[in-house]
Amino acid sequence: MEAQQEGLLVTQMRDLCDSDVAVLETLVTEREQHPEEMAQGTKYGISTTYRALDRLDGLIRNENAAVTFATKKNEQEIAAIVEKTEHRIENAAGRVASLLGMEARQTSSSAWQQWCNKYAAKVSRDDESGELTLRIDTMLSRLKSTSCPRLDDVLHEAIKAWRKVGRDPLELRDARLEWRASDGSWDSGMIGASVD
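Okay, so let's go over this structure. Quick caveat: nothing in here was measured; it's all calculated off a predicted structure. (Residues numbered from 1 in each chain as written. Predicted model: local features only at pLDDT ≥ 70, side-chain atom pairs only at ≥ 80, totals over all residues. Heavy atoms only, no water.)

Describing a negative patch on the surface
Right, so step 1: Taken together, D126, D127, E128 and E131 make up a surface patch of like negative charges.
Right, so step 2: Tracing the chain through its elements places D127 in the loop between β3 (121-125) and β4 (132-140). (Patch = residues over 30% accessible without salt bridge, like charges linked within 9 Å, V, L, I, M, F, W, Y side chains within 5 Å. Areas by Shrake-Rupley, 256 points an atom, 1.4 Å probe, with all protein chains shown as cover. Salt bridge = Lys/Arg side-chain N within 4 Å of Asp/Glu carboxyl O. Lys, Arg positive; Asp, Glu negative; His and termini not counted. Charge placed at Lys NZ, Arg CZ, Asp CG, Glu CD. Helix = DSSP H or I, 4+ residues; strand = E, 2+ residues; numbered from the N terminus.)

This is how it looks when you write it as structure tokens:
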């Protein structure tokens, strides 16, 4: 039984989205809450909170509008994880958030960071114009027949990861793009023109 609980915990913790994390964090501090209180505490809407509660079923339970951890073991394990990682995640998320002007909670989701790490990419915003620029240091090709990742595929992945952290994909589509071409030279353009 305990091994099943641990397996469920590991599986669900691996697939958390931002609203799931927010629900678990508030539950760690409050131990029992009404879903509406939880929505206010997480700054997510009530429907988003209920979807998070559905995804977290098994780790937590919602009985008679009282949300609690499903077991004492889940409570202890998740509290320990939150305590150990919260400071480190907030610091890393804060650095990225200051660059993009995003809330730390949005950037603590790792989809965008994983994509950036995979392609040695970074986003910057021009102080004067506010224009966003995505720079990709990995060599990319417009052709399918090379060993380099294909530009269109990489940009589709970028938009998907951007959306996963709660950002508007149109914002990224309007960004300026700089990438290293397969011959090592730098190329540039607009993201929207490259993925349409």
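So that's the structure; there's more coming.
Focus on the side chain of T68
Right, so step 1: Its place among the elements puts T68 in strand β2 (residues 66-69).
Right, so step 2: In this view, T68 contacts L27, R31, E32, I60 and R61; residues no more than four positions away in its chain are not counted. (Contact = heavy atoms within 4.5 Å.)

A few points about the packing of aromatic side chains
Centre distance and the angle of the planes are the two values used to describe a pair of aromatic rings.
Right, so step 1: Enumeration according to the criterion identifies 3 aromatic pairs in this entry.
Right, so step 2: Their ring planes at 80 degrees and their centres at 4.8 Å tell us that W112 and W162 sit as a pair that is edge-to-face. Residue W112 is found in helix α7 (residues 111-119), and its partner W162 is found in helix α8 (residues 151-164); the two are separated by 50 residues along the sequence. In this pair, the class of W112 matches that of W162, namely buried.
Right, so step 3: Within the aromatic cluster, the residues linked to one another by ring pairs are W112, W115, Y119 and W162. (Phe/Tyr/Trp six-rings, centres within 6.5 Å; stacked < 30°, edge-to-face > 60°. Buried < 20%, exposed > 50% of the residue type's maximum accessible area, 1.4 Å probe, protein only.)

Digging into the nonpolar core
Right, so step 1: Counting 24 residues, the largest nonpolar core has W112, W115, L134, I136, L172, L177 and I191 as the members making the most contacts within it.
Right, so step 2: Elements that contribute at least two residues to this core include exactly α7, β3, β4, α8 and β5 (176-181).
Right, so step 3: Take this core: its biggest share by element is 7 residues, from α8.
Right, so step 4: In contact with L172, other than residues within four places in its own chain, are W112, A158, I159, W162 and I191. (Core = buried A, V, L, I, M, F, W, Y, C linked by side-chain atoms within 4.5 Å.)

Details of the pairing of β2
Right, so step 1: In terms of strand pairing, strand β1 (residues 60-63) meets β2 through 4 bridges, oriented antiparallel. Counted as the bridge partner of R61 is T68 from β2.
Right, so step 2: Connecting β1 to the antiparallel partner β2 that follows it, the hairpin turn spans 2 residues, and N64 within it adopts a positive phi of roughly 55 degrees. (Pairing = 2+ DSSP bridges.)

A few points about α7
Right, so step 1: Among the residues of α7, those classed as buried are A111, W112, W115, C116 and Y119. Down the axis, α7 shows its buried residues gathered within 135 degrees of arc, on one side only. Along α7, the residues that are exposed and aim more than 90 degrees away from the buried face are Q114 and N117.
Right, so step 2: Following α7 by one or two positions, A120 adopts a phi angle in the positive range, close to 50 degrees. (Arc of directions from axis to C-beta.)

Remarks on α8
Right, so step 1: Taking 1.5 Å of rise per residue, the 14 residues of α8 would be expected to cover 20 Å, and the 20 Å separating its terminal C-alpha atoms lies within 8% of that figure.
Right, so step 2: At the exit of α8 stands G166, carrying a positive phi of roughly 85 degrees. (Expected span 1.5 Å × (residues − 1).)

Remarks on the packing of helix α2 (residues 18-30) against helix α4 (residues 46-55)
Right, so step 1: At a closest axis distance of 9 Å, the pairing of α2 and α4 adopts a crossing angle of 85 degrees. Accordingly, the angle class assigned to the pair α2 and α4 is roughly perpendicular. Contact residues: α2 offers S19, D20 and V23, while α4 offers T48, T49, A52, L53 and R55.
Right, so step 2: Taken together, the residues of the contact of α2 with α4 break down into 3 nonpolar, 3 polar and 2 charged. (Axes fitted to C-alpha atoms, helices over the stretch in contact; angles between N-to-C directions. Parallel < 35°, antiparallel > 145°, perpendicular 65-115°, else oblique. Nonpolar A, V, L, I, M, F, W, Y, C, P; charged D, E, K, R; others polar.)

Side note on the packing of α2 against helix α3 (residues 35-42)
Right, so step 1: Look at α2 against α3: their axes get within 10 Å of each other, and the N-to-C directions meet at 110 degrees. On the basis of the axis angle, α2 is roughly perpendicular to α3. Taken together, the residues of α3 that come into contact with α2 (itself represented by A22, V23, T26 and L27) are M38, G41 and T42.
Right, so step 2: In terms of residue class, the contact of α2 with α3 is built from 4 nonpolar, 3 polar and no charged.

Taken by themselves, the reported measurements are silent on function.
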